[in-house]
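Chain residues, written in single-letter form:
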Amino acid sequence: MAASSAIRTIISPGRYVQGKGALSRLGEFLAPLGKTPLLVSDDVVWGILGQRATDSLRAAQLPVTRERFGGIPTAAEVTRLVGVIDRTGADVIVALGGGSTMDAVKAAGFLAGIRWVTVPSVASTDAPTSALSVIYTADGAFEEYRFFPKNPDLVLMDTQLVADAPAAFLAAGVGDALATWLEARATRQAHANTMAGGLPTLAGTALAELSWGVIWDNALPALDAVRDHQVTPAVEKLVEANTLLSGLGFESGGLAAAHAIHNGLTAAHQTHGLAHGQKVNIGSVTQLVLEGAPTQEIRDFIEFTTRVGLPNTLTEVGLSVDDEDDLRRVAEAATVQGETIHNMPFPITPDELVSALKSIERFSRTVRSEAHLPAPVQYVAHQVDTH
Ligand SMILES: [Zn+2]
């Protein structure tokens with residue numbers, strides 16, 4: 001809570017670059033940042049963009065060293081990458097991939113005392129721009145947030161990569177980004193601190209709200225364009241909303257219940273393998289219920305996120321209203337001391353959270369049925385970047 005010495009603050013990456021084919025200019029933007037880059041990516045991502053990244057670095061007279069990412073941003077993986085930095089003498093580490101790769105790389109770059117850069121291969125989370133990492137256990141449960149004194153020096157987002165990837169990644173990014181305004185709005189109302197370490201600025205809150213509007217206007221046409229692997233103006237706008245606006249908006253606008261509920265859900269093994277943004281969307285619907293938001297607002301949110309292809313029932317994330325023990329564990333984890341649920345403008349107990357979680361099942365089903373939208377079925381957990 002705000003003390004008399006309260007400050008307002010906003011933080012951001014040194015440079016954000018976005019465009020179709022931007023990867024071909026990676027070397028040009030990397031050259032001012034270091035002479036010995038270390039590229040980190042998993043084999044799938046490297047197979048897709050490794051050659052283009054290599055060509056771009058060579059054109060800028062930079063050496064090309066690539067290390068394979070282990071798959072989950074655990075504390076052990078971060079330590080391993082620090083060892084690789086030491087061994088190779090790298091002066092800038094570059095994450096090519098999704099949120100998990102970026103979380104591990106940012107943490108390793110910080111510990112090794114070198115610069116770090118993110119090159120997202122998908123627009124599935126708002127992790128690329130932030131000065132924090134989420135560390136998970138080896139079996140995928142939330143472990144901790146790690147905060148760094150600065151954001152990436154460069155975020156380079158090639159929108160053609162987003163359009164070439166399955167649309168499900170982009171849809172997951174919408175789930176992560178829709179939460180941003182709901183959480184920033186709550187944080188402002190509570191006069192609570194943001195992830196940037198102070199009260200929100202007008203700018204941080206405004207960027208969060210801007211991302212919300214851009215998503216409602218562009219998500220559905222953008223997803224259709226990406227299903228055909230096309231980059232359209234709607235895709236450019238949605239990618240910026242998912243990545244830059246939501247990234248700055250969550251970090252400097254504040255997190256609240258939705259992300260805490262996401263973190264709680266990782267305590268239920270049924271949700272493992274689902275994308276970060278899918279779980280966050282369960283958190284968003286539940287936060288709206290906890291807020292007692294106007295019924296029409298919740299209905300609109302359920303309808304819209306169903307059309308986007310995001311889960312808004314327990315069924316879709318592998319849970320049910322009868323899973324009393326699991327829901328209790330989720331609620332306990334989401335409300336532990338220090339969780340961002342305590343940024344809400346009112347207290348929330350585990351009991352209240354269990355009730356809210358149970359309530360979304362029947363309500364979302366009703367709304368979907370009345371809107372002639374498909375009934376929920378359990379999502380097939382695909383091996384995507386689960387951050
Ligand atoms: Zn998130």
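Residues numbered from 1 in each chain as written. Predicted model: local features only at pLDDT ≥ 70, side-chain atom pairs only at ≥ 80, totals over all residues. Heavy atoms only, no water.

Turning our attention to the packing of aromatic side chains. A complete count under the given rule lists 8 aromatic pairs for this structure. Here the aromatic rings of Phe 142 and Tyr 145 are separated by 5.2 Å at their centres, their planes lie at 65 degrees, and the arrangement is edge-to-face. A relative accessible area of 21% means that Phe 142 is categorised as partly exposed. Look at Trp 212 and Phe 301: their rings are 6.1 Å apart centre to centre, the planes differ by 5 degrees, and that puts the pair in the stacked class. (Phe/Tyr/Trp six-rings, centres within 6.5 Å; stacked < 30°, edge-to-face > 60°. Buried < 20%, exposed > 50% of the residue type's maximum accessible area, 1.4 Å probe, protein only.)

Time to look at the coordination of the zinc ion. At the metal site, the zinc ion is ligated by Asp 176 (OD), His 259 (NE2) and His 276 (NE2), and these contacts range over 2.1 Å. Site description for the zinc ion: donor spacing in sequence, D-x82-H-x16-H. Of the two residues, Asp 176 sits in helix H6 (residues 167–190) while His 276 sits in helix H10 (residues 276–291), which places them 100 residues apart along the sequence. His 276 carries the same exposure label as Asp 176, and that label is buried. (Donors = N, O, S within 2.8 Å, 3.2 Å for Na, K, Ca; no water. Helix = DSSP H or I, 4+ residues; strand = E, 2+ residues; numbered from the N terminus.)

According to the domain assignment, the protein chain consists of domain 1 (16–163) and domain 2 (174–370). On a C-alpha basis, the centres of domain 1 and domain 2 stand 26 Å from each other. If you look at the interface, domain 1 gives 26 residues, while domain 2 gives 26 residues. With both chains or domains summed, domain 1 and domain 2 bury close to 2200 Å², and 56% of this area falls on carbon and sulfur atoms. Of all residues in domain 1, Asp 126, Tyr 145 and Ala 163 give up the largest surface area on contact with domain 2, accounting jointly for 27% of the area buried on that side. For the pair domain 1 and domain 2, the interface holds 0 salt bridges. Across the domain 1-domain 2 interface, the total number found is 13 residue pairs in polar contact (both at pLDDT 80 or more). Of all the secondary-structure elements, those providing two or more residues to the side of domain 1 that touches domain 2 are strand S1 (16–19), strand S6 (132–136), strand S7 (142–147) and helix H5 (159–164). The biggest single contributor to the side of domain 1 that touches domain 2 is H5, with 4 residues. (Domains from an automatic or database assignment. Contact = heavy atoms within 4.5 Å. Buried area = accessible area lost by both parts, 1.4 Å probe. Salt bridge = Lys/Arg side-chain N within 4 Å of Asp/Glu carboxyl O. Polar contact = N/O pair within 3.5 Å; in protein donor to acceptor, adjacent residues only side chain to side chain.)

Residue position: Glu 361 is located in helix H13 (residues 350–370). Overall, Glu 361 belongs to the buried group, its relative accessible area being 8%. Engagement of the side chain of Glu 361 in a polar contact is seen with the backbone nitrogen of Leu 314, the distance being 2.8 Å. Once residues within four sequence positions are removed from consideration, Glu 361 is found in contact with Thr 313, Leu 314, Thr 315 and Val 321.

A few words on H13. A rise of 1.5 Å per residue sets the reference length of H13, with its 21 residues, at 30 Å; its end C-alpha atoms lie 31 Å apart and thus fit the reference within 8%. At Ile 360, H13 shows its strongest bend, of approximately 25 degrees. Residues of H13 that are buried include every one of Leu 353, Val 354, Ala 356, Leu 357, Ile 360, Glu 361, Ser 364, Val 367 and Arg 368, and no others. In this fold, the buried residues of H13 make contact with helix H9 (257–265), H10, helix H11 (295–308) and helix H12 (324–334). (Expected span 1.5 Å × (residues − 1). Bend = angle between axes of the 7 residues up to and from the residue.)

Below, the discussion takes up the packing of helix H7 (residues 202–227) against helix H8 (residues 233–253). Between H7 and H8, whose axes approach to 7 Å, the crossing angle comes to 150 degrees. The orientation of H7 relative to H8 falls into the category roughly antiparallel. Remark: the crossing between H7 and H8 carries left-handed chirality. By residue class, the composition of the contact of H7 with H8 is 16 nonpolar, 8 polar and 1 charged. (Axes fitted to C-alpha atoms, helices over the stretch in contact; angles between N-to-C directions. Parallel < 35°, antiparallel > 145°, perpendicular 65-115°, else oblique. Left-handed = near helix turned anticlockwise from the far one by under 90°. Nonpolar A, V, L, I, M, F, W, Y, C, P; charged D, E, K, R; others polar.)

Attention now moves to unusual backbone geometry. Residue Gln 61 is not a glycine yet carries a positive backbone phi of 60 degrees. With respect to the helices, strands and loops of the structure, Gln 61 is situated in the loop between helix H2 (43–59) and strand S3 (66–68). A positive phi angle, near 55 degrees, is found at His 191, a position not held by glycine. Following the sequence through the fold, His 191 ends up in the loop between H6 and H7.

Bringing the environment of Ala 131 into the picture now. Within the secondary structure layout, Ala 131 lies in the loop between strand S5 (115–120) and S6. Take Ala 131: its relative accessible area is 2%, and that puts it in the buried class. Note: C-alpha distance between Ala 131 and Ala 108 (23 residues apart in sequence) is 12 Å. If we ignore the near neighbours within four places in the chain, the residues touching Ala 131 are Ile 11, Arg 146, Phe 147, Phe 148, Lys 150, Asn 151 and Glu 251.

Taking 1.5 Å of rise per residue, 14 residues should cover 20 Å, and helix H3 (residues 75–88) covers 20 Å from first to last C-alpha, within 8% of that figure. For H3, the complete set of buried residues consists of Glu 77, Val 78, Leu 81, Val 82, Val 84 and Ile 85. Down the axis of H3, the buried set is contained in an arc of 160 degrees. They therefore lie on one face. Along H3, exposed side chains directed more than 90 degrees from the buried face belong to Ala 76, Thr 79, Asp 86 and Arg 87. Turning to H3, the residues buried within the fold contact strand S2 (37–41), S3, strand S4 (92–97), helix H4 (99–112), S6 and S7. Immediately beyond the C-terminal end of H3, within one or two residues, lies Gly 89, with a positive phi of roughly 65 degrees. (Arc of directions from axis to C-beta.)

Okay, the pairing of S2 next. Burial analysis of S2 places 5 of its 5 residues in the buried class, the great majority of the element. Burial along S2 is two-sided: the residues Pro 37, Leu 39 and Ser 41 and Leu 38 and Val 40 are all buried. Bridging between S2 and S4 involves 4 bridges; their strand directions are parallel. In the strand pairing of S4, Leu 39 is matched with Val 94. As defined by bridge partners, S2 adjoins S3 across 3 bridges and the pair is classed as parallel. Bridge assignment links Val 40 to a residue of S3, and that residue is Glu 67. Crossover handedness for the path S2 to H2 to S3: right-handed. (Pairing = 2+ DSSP bridges. Right-handed = clockwise from strand over helix to strand, strands pointing away.)

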